[in-house]
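# Summary of the model geometry
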Amino acid sequence: MEKSKNKKEENLLCPSYLAKPGAQLYGIINSDGYIDFLKQPIAVNETFIAQANEGRNPEKRFRFAGNCAKSGCKQWTGKDCGLIDNIISIVANNVPKELQFCPIRTKCRWYAQQGEKACAQCNEVVRNIETKLILEGN
């Protein structure tokens, strides 16, 4: 039983991944700052990344997922992703009665850690987190 849990943990995706070849595009930030989720993630290639980099920062226009780097990421606490914990404590959106569809939820690192609380903050990652951090002096 423990092995299957560990195997599942190995396959979790970072929902705030960088725009780079091999990443999975799973959402587009609309004009209101919310994520329009794709039905299925799309693997991005060098051509897509080159075109995306011609405009505003791709991470401010799209949401990408990729394999969680764990200890290879500065957000890793040693056992979890510290970013989602920080986002929840800063933003603290209530969990809606019904979550919007997300094509990566079953493999999402944040969902695996914080469940629906993580989903309630997901739209804020691009839209408001930088503003709230600035206002709080972080």
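Residues numbered from 1 in each chain as written. Predicted model: local features only at pLDDT ≥ 70, side-chain atom pairs only at ≥ 80, totals over all residues. Heavy atoms only, no water.

### Looking at the pairing of strand β2 (residues 24-29)
Alignment of β2 against strand β3 (residues 35-43), held across five bridges, turns out to be antiparallel. Within the sheet, the bridge partner assigned to Q24 lies in β3 and is A43. Where β2 hands over to β3, the hairpin turn is made up of five residues, of which G33 adopts a positive phi near 90°. Where β2 lies against strand β4 (residues 62-67), four bridges are found, and the strand directions are antiparallel. (Pairing = 2+ DSSP bridges. Helix = DSSP H or I, 4+ residues; strand = E, 2+ residues; numbered from the N terminus.)

### Focus: the sheet that holds β3
What the four strands build is an open sheet, ordered β1-β4-β2-β3; its pairing is antiparallel. The open sheet has two edge strands with one neighbour each: β1 (13-14) and β3.

### A short note on the packing of aromatic side chains
Going through the model one piece at a time under the given rule, you end up with four aromatic pairs. The structure contains a cluster of three or more aromatic residues connected by ring pairs, namely F48, F62 and F64. The residue whose ring lies beneath R105 is Y111, and the NZ or CZ to ring-centre distance is 5.9 Å. (Phe/Tyr/Trp six-rings, centres within 6.5 Å; stacked < 30°, edge-to-face > 60°. Lys NZ or Arg CZ within 6 Å of the ring centre and 35° of its normal.)

Keep in mind these values describe shape, not function.
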